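# A closer look at the structure
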Amino acid sequence: MFFRIYLSLHTFNFFCLPTYISKEHYNEFLKIDSVFQQQAALQEVLRILENYKNEGKLNNKNISRMVHNYFYEMCFVIYELSRILKFGGIISLVNDNVKYAGEEIPVDLILSDMAESFGLKTKYIWTLGRGKGNSSQQMGSYGRTELRKCVYIWEK
């Protein structure tokens, strides 16, 4: 367990950990980290991206770290939103799914799963009529594909 936490901390903004410790919320920090580590779909995507990086298949070697850090930080954001939200309160979030090296990342489902781990209920995931395309860097290798753009509604 210590090794997994160390790896997450290694790439995370080090301002958060001292804040959680100083407020005597280290156990909450561990809970948030655990939710991140146990998100199976996300961990699969991160392994695939790390393998692609090692094989030189990513157009930018920092993509796997960027995706890791985005979801790790969003895990903290969602936890804190859930913590301060009153019972019956609603959170609305708009986000796009993304694709790297042909691998689509279901951002909507991953973030909603994290939200449910923190006591929020996914009421709706509305898919907007027209999504966004993958990046121009990927179109040559993987063609143009449309990715979901969604509105999430979470309730406490």
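See above for the structure.
Residues numbered from 1 in each chain as written. Predicted model: local features only at pLDDT ≥ 70, side-chain atom pairs only at ≥ 80, totals over all residues. Heavy atoms only, no water.

## Quick notes on the nonpolar core
Within the largest apolar cluster, 37 residues are counted, with the highest numbers of intra-cluster contacts made by Phe71, Ile105, Leu111 and Met114. Within the residue set of this core, elements represented by two or more residues are helix 2 (16–22), helix 3 (26–37), helix 4 (40–55), helix 5 (63–84), strand 2 (98–100), helix 6 (107–117) and strand 7 (149–155). For this core, the element with the most residues is helix 5, which contributes nine residues. Excluding residues that lie within four positions of it along the chain, isoleucine 105 makes contacts with Val45, Leu49, Val67, Phe71, Asn97, Val98, Tyr100 and Ile110. (Core = buried A, V, L, I, M, F, W, Y, C linked by side-chain atoms within 4.5 Å. Buried < 20%, exposed > 50% of the residue type's maximum accessible area, 1.4 Å probe, protein only. Helix = DSSP H or I, 4+ residues; strand = E, 2+ residues; numbered from the N terminus. Contact = heavy atoms within 4.5 Å.)

## Quick notes on unusual backbone geometry
Positive phi is not limited to glycine here, since alanine 101 has a value of about 50 degrees. Take alanine 101: it is sitting in the loop between strand 2 and strand 3 (103–105).

## Side note on the packing of helix 4 against helix 5
Close contact between helix 4 and helix 5 brings their axes to 9 Å; oriented N to C, the two are set at 160 degrees. Viewed along their axes, helix 4 and helix 5 adopt a mutual orientation that is roughly antiparallel. Both helix 4 and helix 5 take part in a crossing whose hand is left-handed. Of helix 5, the residues touching helix 4 (which contributes Leu42, Leu46, Leu49, Glu50 and Lys53) are Ser64, Val67, His68 and Phe71. (Axes fitted to C-alpha atoms, helices over the stretch in contact; angles between N-to-C directions. Parallel < 35°, antiparallel > 145°, perpendicular 65-115°, else oblique. Left-handed = near helix turned anticlockwise from the far one by under 90°.)

## Here we look at the packing of helix 5 against helix 6
Helix 6 packs onto helix 5 with a crossing angle of 40 degrees between their chain directions and a minimal axis gap of 9 Å. Accordingly, the angle class assigned to the pair helix 5 and helix 6 is oblique. When you trace helix 5 past helix 6, the crossing you get is right-handed. Each of Tyr70, Phe71, Met74, Cys75 and Ile78 in helix 5 lies in contact with helix 6, whose residues at this interface are Val107, Ile110, Leu111, Met114 and Ala115. Residues belonging to the contact of helix 5 with helix 6 are distributed by class as follows: 10 nonpolar, no polar and no charged. (Nonpolar A, V, L, I, M, F, W, Y, C, P; charged D, E, K, R; others polar.)

## Considerations on the sheet that holds strand 4 (residues 121–127)
Read from one edge of the open sheet, three strands run 1-7-4, paired in antiparallel fashion. Two strands close off the open sheet at either side, each with one partner strand: strand 1 (90–96) and strand 4. When strand polarity is set aside, the average angle formed by the axes of neighbouring strands in this sheet is 20 degrees. Relative to strand 7, strand 4 runs antiparallel, the two sharing six bridges. Its bridge partner being in strand 7, tyrosine 124 is matched across the sheet by isoleucine 153. (Pairing = 2+ DSSP bridges.)

## Re the environment of tyrosine 52
Within the secondary structure layout, tyrosine 52 lies in helix 4. Distance in space between the C-alpha atoms of tyrosine 52 and tyrosine 100 is 9.6 Å, their sequence separation being 48 residues. Sequence-distant contacts of tyrosine 52, defined by excluding residues within four places in its chain, comprise Lys57, Leu58, Ala101 and Glu103.

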